[in-house]
Amino acid sequence: MYLLELGGEDDAFAAREAASGAADVRRIAPGLAVANAVAPERVRGLAYTHRASELVGRTDADLASAKTLLETAPIDREGTVAVRATDVHGSSGVSSGRAERELGQILVDRGFTVDLDDPDHVLRATFSVGKLEAGGGLEADAETGALFASETDEALEEPVSVCALGWLAAESVRDFGSRAPTDKPFFQPGSMDPLLARAVANVAGARPGATVLDPMCGTGGVLVEAGLVGADVVGTDAQEKMVAGARENLGHFLDADEPSPTGVARGEWHVGRGDATRLPLADDAVDGAVFDAPYGRQSKIETHRLEDLVSGALTEARRVAPRAVVVADRSWAGEARAAGWELEAAFERRVHRSLTRYVLILERRES
């Protein structure tokens, strides 16, 4: 069993992304989840999960309970140790410094040597108190496609109090600040931030050996993130300016011999000018598709009405991929169903006061 420390912005969405690198993910407290197994190389590429640790055990979110748990838990490792404690959102009131000292002393009493600079093993102690949403995500009205919170999502359980201890197994690489949209060689307003781009790429199936398509690739941000976790990527865009800019960005971040910061070989890439409603690809050519649909008033579409463009792109995406992730400023669930998709999940991501992004996760509906 493994402990996952989530990013803290949206636990339901973070857990959904974590499922691309872990098995049987279940949230246990605000900011915390557990999984039956993890792939460390995949954890390194997650956006909204910070760490995965081999679970020692869990108890109530107070220091006395944590100390009792550590005193009685079996420890099957040797070498130097360090303790790192976190009070999620400051919810438990436990002092992380005191927790590190007192839990570290227990390890010393059990025969370990503490090395704060370069330990062989790091014990993570996480404390979290708060209400845990029973579900997560949104549902869509069967007729209109409008998104809404289900009764399960609106109903909150009693507050939970959890301390979880675990030996650190993998950490995500937090280098997203080096790829801020304005810092890329080619930038356009409205570009998706790299954290969300990485998350939707992961949900779409980006990983070594997979191929991910973005049929409305814009500046190529999603493709960059997919390529940095090892996927080969294909992009099209209707505007020659965007095609040229995406090529510049992809070449900058993916044309390098050394492994990506996540430790895997960078994916190969191809970008060309094309119509998302008529893709020059064979059936089932890619493993996943992901696109950021044009946003109403801000969109500049020369050859299609917005509704026709998105509907056509959804139809083509279903032809070439078994899974798709759509990011938009509204629900396109009705159009997705009409195109033959099943809505697996939907999430709401607030960007700022005047912009909320919706993330639709779609699975091909078999005829």
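The rules we used
- Residues numbered from 1 in each chain as written.
- Predicted model: local features only at pLDDT ≥ 70, side-chain atom pairs only at ≥ 80, totals over all residues.
- Heavy atoms only, no water.
- Helix = DSSP H or I, 4+ residues; strand = E, 2+ residues; numbered from the N terminus.
- Buried < 20%, exposed > 50% of the residue type's maximum accessible area, 1.4 Å probe, protein only.
- Contact = heavy atoms within 4.5 Å.
- Patch = residues over 30% accessible without salt bridge, like charges linked within 9 Å, V, L, I, M, F, W, Y side chains within 5 Å.
- Areas by Shrake-Rupley, 256 points an atom, 1.4 Å probe, with all protein chains shown as cover.
- Salt bridge = Lys/Arg side-chain N within 4 Å of Asp/Glu carboxyl O.
- 1 Å grid on protein atoms, 1.4 Å probe; cavity = no way out; pocket = protein on both sides within 12 Å on 5 of 7 lines; lining within 4 Å.
- Points joined across faces, edges and corners; volume = space filled by probe spheres on them.
- Nonpolar A, V, L, I, M, F, W, Y, C, P; charged D, E, K, R; others polar.
- Axes fitted to C-alpha atoms, helices over the stretch in contact; angles between N-to-C directions.
- Left-handed = near helix turned anticlockwise from the far one by under 90°.
- Pairing = 2+ DSSP bridges.

1. Thoughts on the environment of Leu168
Next, step 1: Position of Leu168 among the secondary structure elements: in strand S11 (residues 160-171).
Next, step 2: Residue classification places Leu168 among the partly exposed residues on the basis of a relative accessible area of 27%.
Next, step 3: With sequence-adjacent residues up to four places away left out, Leu168 is seen in contact with Arg51, Ala52, Ser53, Val122 and Arg124.

2. Some remarks on a nonpolar patch on the surface
Next, step 1: On the surface, Val108, Val114 and Leu116 cluster together to form a nonpolar patch covering roughly 240 Å² of accessible area.
Next, step 2: Positionally, Leu116 belongs in the loop between helix H4 (96-109) and strand S8 (121-130).
Next, step 3: According to the relative accessible area criterion, Leu116 is exposed, its value standing at 55%.

3. Observations concerning empty space enclosed by the protein
Next, step 1: In this structure the tally under the stated criterion is one cavity of 30 Å³ or more.
Next, step 2: Reported here for the largest cavity is a volume of approximately 40 Å³.
Next, step 3: Along the walls of the largest cavity sit Glu41, Arg42, Gly45, Pro208, Val229, Thr262 and Val264, which together make up its complete lining.
Next, step 4: Of the residues in the lining of the largest cavity, the class split is three nonpolar, two polar and two charged.

4. Digging into the packing of helix H6 (residues 194-204) against helix H7 (residues 221-228)
Next, step 1: Viewed as axis vectors pointing N to C, H6 and H7 meet at an angle of 60 degrees, and their least axial separation amounts to 8 Å. By crossing handedness, the relation of H6 to H7 is classed as right-handed. Residue-level inspection shows Pro194, Ala197, Arg198, Val200 and Ala201 of H6 in contact with H7, the latter providing Gly221, Val222, Glu225, Ala226 and Leu228.
Next, step 2: Of the residues in the contact of H6 with H7, the class split is seven nonpolar, one polar and two charged.

5. Brief notes about unusual backbone geometry
Peptide bonds are, in most cases, trans, and in most cases residues other than glycine have a negative phi.
Next, step 1: For His89, which is not glycine, the phi dihedral falls at a positive 60 degrees.
Next, step 2: Mapped onto the secondary structure, His89 falls in the loop between strand S7 (81-87) and H4.
Next, step 3: Positive phi, normally seen in glycine, also occurs at Asp284, with a value near 55 degrees.

6. Describing the pairing of S8
Next, step 1: Within S8, nine of the ten residues are buried, leaving the element largely enclosed by the surrounding structure.
Next, step 2: Sheet analysis places S7 next to S8, joined by seven bridges and oriented parallel. Bridged to Val81 within S8 is His121.
Next, step 3: Alignment of S8 against S11, held across eight bridges, turns out to be antiparallel. Of the residues in S11, the one forming a bridge with Val129 is Ser161.

7. Considering the pattern of salt bridges
Next, step 1: By the definition in use, this model includes 21 salt bridges.
Next, step 2: Close ionic contact of Glu225 with Arg179 constitutes a salt bridge, the shortest N to O distance being 2.7 Å. Of the two residues, Glu225 sits in helix H7 while Arg179 sits in the loop between S11 and H6, which places them 46 residues apart along the sequence.
Next, step 3: Linking Glu225 and Arg198 is a salt bridge whose minimum nitrogen-to-oxygen distance equals 2.9 Å. With Glu225 in helix H7 and Arg198 in helix H6, this pair connects stretches of sequence that are 27 residues apart. We note that Glu225, like Arg198, is buried.

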